[in-house]
Amino acid sequence: MIQFEAVHKRFPNGTTAVHDLTLEMPEGGVTVLVGSSGCGKTTTLRMVNRMVEPTSGTIRVGGKDVLAQDAAELRRSIGYVIQQAGLFPHRTVLDNIATVPLLLGWGRRKARARAAELLETVGLAADTGKRFPHQLSGGQQQRVGVARALAADPPVLLMDEPFGAVDPVVRTQLQDELLRLQKELSKTIVFVTHDIDEAVRLGDRIAIFRTGGHLVQCAPPAELLASPADDFVTDFLGSERELKLLSLTPLKEVPQTRATPLRADEPVSAVSGDGGRWQLVTSAAGRPLGWLDTDALPATGTAGEAPLTPARALRDTDSLLSALNETIGSPSGCVVRVDADGAVTGVTAREEIHARATAAHAAAGAGAARTAGTAGSDSPAPTTTATPAEHPA
Ligand SMILES: Nc1ncnc2c1ncn2[C@@H]1O[C@H](COP(=O)(O)OP(=O)(O)OP(=O)(O)O)[C@@H](O)[C@H]1O
């Protein structure tokens, strides 16, 4: 959808912000640009909608050279979200969202109706529309910024540190919202961030830049984490590289021991972990109540009276990292698995989770090696075309 071919940007003061960039951003995917401050991420992003003009090279959006298009028209056809939303302070939220549709001549009524619909899409209450931006929290303003960018339903969204100015809890909520929206809308998104965790969470592909506007590596997150191209990328990914890889792998494919009723005449069922000492007790509806230590049971006691150690249950869509975390806290060393309704389906032992984690690492590494081989290079290529790796739903 977006292609950079040998793009160079040198500002009049002599600064080279982007150096010989060749990069493809696939349709319907999120490409995240990361790197330290001043490495050319924003300049790269802004060249897509011609807010910055390249010095040389070609940029195509949907196959068309951006320089061959009218700049204002191009900008209206591409959504743009920036840090702190950049809303017009004297316009209501609804009018802010309706900005591009009005510029496109939709008429006030239709533009406002679309804006009202988008308020709901981004998770804001209808009455928010009448307020002014300063009457909203930072997180709410960012949602309005996203709604404004989506108003004319552009195929491409440019997002420049959109969640950089909110606290970590709101940031996670906004990331969740974006993932949810993206599942529905499948936009081609270019997302700039400083935060590698955000990049791993949101990106279908991550492009890592180094100062001077050099692209060092571009790959799906799992490949990048399993096979960083050089020491710069390794350092940038941080010391928890392997754990980040586990955060991308869902628990789904890891086998589980199925739960079976302990005694047909009791409203509890149990499944054994840790050689049978620990029993998982469930309610009549099959929800997990906790782990029962059978060694500590009084001779005459029953499962229904004994104290239970709480068990946090995981679903198939949870990550191997969450599973690993649970095995550390679980007295049995097993994680409890539940279905979408919260009913226990079984348990998985720590060893199974470790084995799957090792396999996930090997598979991601093999994917990167295949890509490097295809590219005909003896080091991982900066631009890869490998199949996207597993990603949490
Ligand atoms: N208009 C300009 N004139 C001159 N130099 C500029 C201009 N805009 C950006 N630069 C320089 O180009 C380089 C890349 O800037 P850019 O904003 O693209 O980096 P960035 O990776 O987005 O940085 P940050 O993460 O800090 O936002 C920097 O050295 C910056 O100072």
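Residues numbered from 1 in each chain as written. Predicted model: local features only at pLDDT ≥ 70, side-chain atom pairs only at ≥ 80, totals over all residues.

A. Structural detail: the environment of valine 200. With respect to the helices and strands, the residue valine 200 is situated in helix α8 (residues 196-202). Valine 200 sits in the buried class, given 22 other C-beta atoms within 10 Å. C-alpha of valine 200 to C-alpha of proline 220: the two residues are 20 residues apart in sequence and 8.7 Å apart in space. (Helix = DSSP H or I, 4+ residues; strand = E, 2+ residues; numbered from the N terminus. Buried ≥ 20, exposed ≤ 12 C-beta atoms within 10 Å, placed from the backbone.)

B. Here's a closer look at the sheet that holds strand β5 (residues 64-65). Reading across the sheet, the four strands line up as β2-β1-β4-β5 and stay open at both edges, with antiparallel pairing between neighbours. Each edge of the open sheet carries a strand with a single partner, namely β2 (16-25) and β5. Strand direction decides the pairing type here: strand β1 (residues 2-10) and β2, joined by six bridges, are antiparallel. Paired with arginine 10 across the two strands is threonine 16, which belongs to β2. (Pairing = 2+ DSSP bridges.)

C. Summary view of unusual backbone geometry. With phi around 45°, alanine 6 is a residue other than glycine that occupies positive phi space. Positive phi, normally seen in glycine, also occurs at arginine 50, with a value near 65°. Along the chain, the position of arginine 50 falls in the loop between α1 (41-48) and β4 (56-61). A tally of 19 C-beta atoms within 10 Å means that arginine 50 is categorised as partly exposed.

D. Quick look at the environment of glycine 213. Looking at the secondary structure, you find glycine 213 in the loop between β9 (205-210) and β10 (214-219). Its 24 C-beta neighbours within 10 Å are what place glycine 213 among the buried residues. Along the primary structure glycine 213 and lysine 9 are separated by 204 residues, whereas in three dimensions their C-alpha atoms are 8.6 Å apart. Apart from the residues lying within four places of it in its own chain, the contact partners of glycine 213 are Lys9, Thr16, Ala17, Val18, His19, Cys39 and Gly40. (Contact = placed C-beta atoms within 7 Å.)

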